[in-house]
Structure formats: C-alpha cells, structure tokens
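Residue-level listing of the chains:
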Amino acid sequence: MGTLKNECFRSAEDAAREDLTLCDAPRGCCLRITRLCSGPKENCRLCALGLTPGTQVRILSSGAGLMRLWVRDYSLALDAALARNVACEVVDA
C-alpha cells in the first residue's frame with residue numbers, strides 16, 4: 001500500500017495524513033470511503049448519491065470546483081466543497 005500512496009499523493013506529508021479526503025487525491029487514484037464528515041443534510045445527500053462508508057471510488061478528474069468520480073459503476077460530478085467532507089483511504093488495487 002505504501003507504493004500506491006507514493007504514486008497517488010504528491011508529497012510524503014499528504015500520504016502520511018490520517019484523514020484524507022476526496023479532494024486530496026489526484027486523477028486516477030482509487031479510494032475507499034471511511035466516513036462522512038458533514039452535517040446531517042449533506043450526509044443524507046452523499047448517501048443518496050451512493051457515497052457511503054466502505055464504497056470504492058476512483059477520481060476521474062478535478063478542477064473548476066467540481067470533481068468527477070467513478071462510483072458504483074457510474075460517473076458522478078461532485079462539488080469540491082462537498083467532496084472535502086468525505087474521508088477516505090487509499091485502496092491497493
């Protein structure tokens with residue numbers, strides 16, 4: 001897993017952080033959601049979009065305040081401000 005973290009994250013400091021968010025990962029990185037860190041209304045919205053703890057996500061692209069994710073066999077555009085509230089960990093494969 002250490003090798004993948006080195007490939008996915010730009011610095012050792014980013015790789016060592018315990019609470020990574022979707023916004024911390026570059027394009028192509030595969031992550032597993034560990035928890036949702038926003039309020040009840042936002043968490044409900046994230047769950048309705050399929051972003052629940054344990055779900056694997058791949059970062060397709062990010063920029064201009066939006067992130068494109070591949071989650072549960074579909075492409076999803078998510079506001080970067082909301083993506084900052086999704087804690088995750090790097091997945092080996």
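Calculation notes
Residues numbered from 1 in each chain as written. Predicted model: local features only at pLDDT ≥ 70, side-chain atom pairs only at ≥ 80, totals over all residues. Heavy atoms only, no water. Helix = DSSP H or I, 4+ residues; strand = E, 2+ residues; numbered from the N terminus. Buried < 20%, exposed > 50% of the residue type's maximum accessible area, 1.4 Å probe, protein only. Contact = heavy atoms within 4.5 Å. Areas by Shrake-Rupley, 256 points an atom, 1.4 Å probe, with all protein chains shown as cover. Salt bridge = Lys/Arg side-chain N within 4 Å of Asp/Glu carboxyl O. Polar contact = N/O pair within 3.5 Å; in protein donor to acceptor, adjacent residues only side chain to side chain. Pairing = 2+ DSSP bridges. pLDDT = per-residue confidence, 0-100.

Undergrad: How should I be thinking about the overall build of the protein in this particular structure?
TA: Of regular secondary structure, the protein possesses four helices and six strands. Overall, the protein shows an N-to-C arrangement of helices and strands of α-α-β-β-α-β-β-β-α-β. Counting over 93 residues, the protein shows a buried share of 40%. Counting contacts in the protein only where the partners sit at least 6 residues apart, residues at least 24 apart contribute 53% of the total. Total accessible area on the protein is roughly 5300 Å²; 50% of this is exposed by carbon and sulfur atoms.

Undergrad: So what exactly am I meant to see when it comes to the pattern of salt bridges here?
TA: All chains considered together, the criterion is met by one salt bridge. A salt bridge links E89 to R32; its shortest N-O distance comes to 3.0 Å. Taken together, the positions of E89 in strand β6 (residues 86-90) and R32 in strand β2 (residues 30-36) put the pair 57 residues apart, joining distant regions of the chain.

Undergrad: Just to check I follow, could you spell out the side chain of S38 for this structure?
TA: Tracing the chain through its elements places S38 in the loop between β2 and α3 (40-48). Residue classification places S38 among the buried positions, given a relative accessible area of 18%. Within polar-contact distance, the side chain of S38 engages the side chain of N43 at 2.7 Å. Excluding residues within four positions of it along the chain, S38 makes contact with N43, L46 and N85.

Undergrad: Please clarify how the sheet that holds strand β3 (residues 56-63) should be interpreted in this entry.
TA: Two orientations exist for strands paired in a sheet by backbone hydrogen bonds: parallel and antiparallel. Here we have six strands laid out as an open sheet, ordered β1-β6-β2-β3-β4-β5, and antiparallel in their pairing. Edge positions in the open sheet fall to β1 (20-21) and β5 (74-79), since each of these has one partner strand only. Relative to β6, β1 is paired through two bridges, and the arrangement is antiparallel. The partner of T21 across the bridge, within β6, is A87.

Undergrad: Any chance you could explain unusual backbone geometry here in plain terms?
TA: What is expected of a backbone is that most residues other than glycine have negative phi and most peptide bonds are trans. Here the phi dihedral of A64 falls at roughly 55 degrees; this positive angle occurs in a residue that is not glycine. By secondary structure assignment, the location of A64 is in the loop between β3 and β4 (66-71). For A64, a relative accessible area of 85% corresponds to the exposed category. Look at R72: it is not a glycine, yet its phi comes out positive at around 50 degrees. You can see R72 is positioned in the loop between β4 and β5.

Undergrad: Even after reading the chapter, I still don't get the confidence of the model for the protein, so can you show me in this structure?
TA: Detailed conclusions should not be drawn from predicted coordinates in areas where pLDDT is low. Residues of the protein with pLDDT of at least 70 account for 80%, and the chain-wide mean is 83. Averaged over each element, pLDDT in the protein is lowest for helix α2 (residues 12-16) (44) and highest for β2 (95). In the predicted structure, residues 1-7 sits below a pLDDT of 50 and forms seven contacts with residues beyond four places in sequence or in another chain. Counting interchain partners and residues more than four positions distant, the pLDDT-below-50 stretch residues 9-17 has 14 contacts.

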